[in-house]
Amino acid sequence: MSILKKLKGNIFLVVVIAAYIVMFIVRPDMGVESIKNSGYYIKEMLLIMPVIFILTALLDLWLPKEKVIRYLGKDSKAKGIAFSFILGSISAGPVYAAFPMCVMLHKKGASIRNIVIILSSWAVIKIPMLVNEAKFLGLKFMAIRWILTVIAIIIFSWITAKIVKDKDLPTQIPAHIGPSLNRDACMGCGLCVKHYPEMFVMDGKKADINKEIDPDPEKLKQTIDVCPVKAISNQGYS
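Residues numbered from 1 in each chain as written. Predicted model: local features only at pLDDT ≥ 70, side-chain atom pairs only at ≥ 80, totals over all residues. Heavy atoms only, no water.

Chemist: For this particular structure, what's the right way to read the side chain of Thr 223?
Modeler: Along the chain, Thr 223 turns up in helix H11 (residues 217-226). A residue is classified by how much of its surface remains accessible, and Thr 223, at 0% relative accessible area, is buried. In this view, Thr 223 contacts Cys 192, His 195, Tyr 196, Phe 200 and Ile 232; residues no more than four positions away in its chain are not counted. (Helix = DSSP H or I, 4+ residues; strand = E, 2+ residues; numbered from the N terminus. Buried < 20%, exposed > 50% of the residue type's maximum accessible area, 1.4 Å probe, protein only. Contact = heavy atoms within 4.5 Å.)

Chemist: What's the story with the pairing of strand S2 (residues 200-203) in this structure? I'm lost.
Modeler: Every regular strand shows the same layout, with side chains that alternate between the two sheet faces. Summarising the sheet, S2 and strand S3 (residues 206-209) pair through four bridges and their orientation is antiparallel. Residue Met 202 lies in a different strand from S3, and its bridge partner there is Ala 207. In this structure, the hairpin formed by S2 and S3 is closed by a connection of two residues, where Gly 204 is found at a positive phi of approximately 75°. (Pairing = 2+ DSSP bridges.)

Chemist: Can you help me understand helix H5 (residues 77-90) in this one?
Modeler: Taking 1.5 Å as the rise per residue, H5 with 14 residues should run 20 Å; its terminal C-alpha atoms sit 20 Å apart, in good agreement. For H5, the complete set of buried residues consists of Gly 80, Ile 81, Ser 84, Phe 85, Gly 88 and Ser 89. Projected down its long axis, H5 shows its buried positions confined to an angular sector of 160°, all on one face. Where the residues of H5 are buried, they touch helix H4 (65-72), helix H7 (112-124), helix H8 (127-137) and helix H9 (139-163). (Expected span 1.5 Å × (residues − 1). Arc of directions from axis to C-beta.)

Chemist: Got a minute to help me understand the pattern of salt bridges in this structure?
Modeler: When charged atoms on two side chains of opposite charge get close, those side chains can pair. All chains considered together, the criterion is met by six salt bridges. The partner of Glu 133 in a salt bridge is Arg 145, with the nearest N and O atoms 2.5 Å apart. Separated by twelve residues along the polypeptide, Glu 133 in helix H8 and Arg 145 in helix H9 bring together distant segments of the chain. For Glu 133, a relative accessible area of 10% corresponds to the buried category. A salt bridge links Asp 168 to Lys 167; its shortest N-O distance comes to 3.7 Å. Among the residues examined, Lys 167 registers a relative accessible area of 67% and is labelled exposed. (Salt bridge = Lys/Arg side-chain N within 4 Å of Asp/Glu carboxyl O.)

Chemist: Mind showing me how you'd approach the packing of H8 against H9 here?
Modeler: Packed helix pairs are specified by the crossing angle of their axes together with the interaxial distance, meaning the distance between the axes. Orientation of H8 relative to H9, taken along the N-to-C sense of each, is 135°, at an axis distance of 6 Å. Our classification of the angle between H8 and H9 gives oblique. Residues Met 129, Leu 130, Glu 133, Ala 134 and Leu 137 of H8 form the contact with H9, whose own contacting residues are Leu 139, Phe 141, Met 142, Arg 145 and Trp 146. Looking at the contact of H8 with H9 residue by residue, the class counts come to eight nonpolar, no polar and two charged. (Axes fitted to C-alpha atoms, helices over the stretch in contact; angles between N-to-C directions. Parallel < 35°, antiparallel > 145°, perpendicular 65-115°, else oblique. Nonpolar A, V, L, I, M, F, W, Y, C, P; charged D, E, K, R; others polar.)

This is the structure in structure tokens:
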């Protein structure tokens, strides 16, 4: 039963492994090439993600919540849309690097619509991408594609905001007393376990809380501060 439970909890990984096995059986050359490509991206993530975690933690410390609400919140309107496009367009790195930052921005008050715009802009209309697009495909192609993409992002961000609500995102603070950890938001970096091993443990690829001990308020606060995606919260302890 425990094996089946683990398989169900990692269904995506199981499907990927099955796909690799099928490729090796049907097209061994394609399987080898896929493994090489996967290895390249895994190494890239291992190099980039620690830097992203550090930058996200620094931004969380330096960026006031009221500023995020003012410029990216639900009432920011056209100003928030424009700022989201700018933030996504000038950012560097692969799009998966945007997720920890967007988790932090949403927790500080950024609207779902503006989060979608940031992610979409980061993925398809970054400035370095536009420069290369104009160079190889022409300025007219780049301009038309950019305009149509911006329109599409605005439409889909509005639709997403109508369908997905704040409570649907795995970044909300659980309503109970004591320390809690949002395993959906947890990235499995292990910093909480390193800083407070008595309270936090690794359960599979994500952290979990040892609820059999009483938390040390100071150590818990320090651990909350170092979590790059702010998956740890504390209710009722001071």
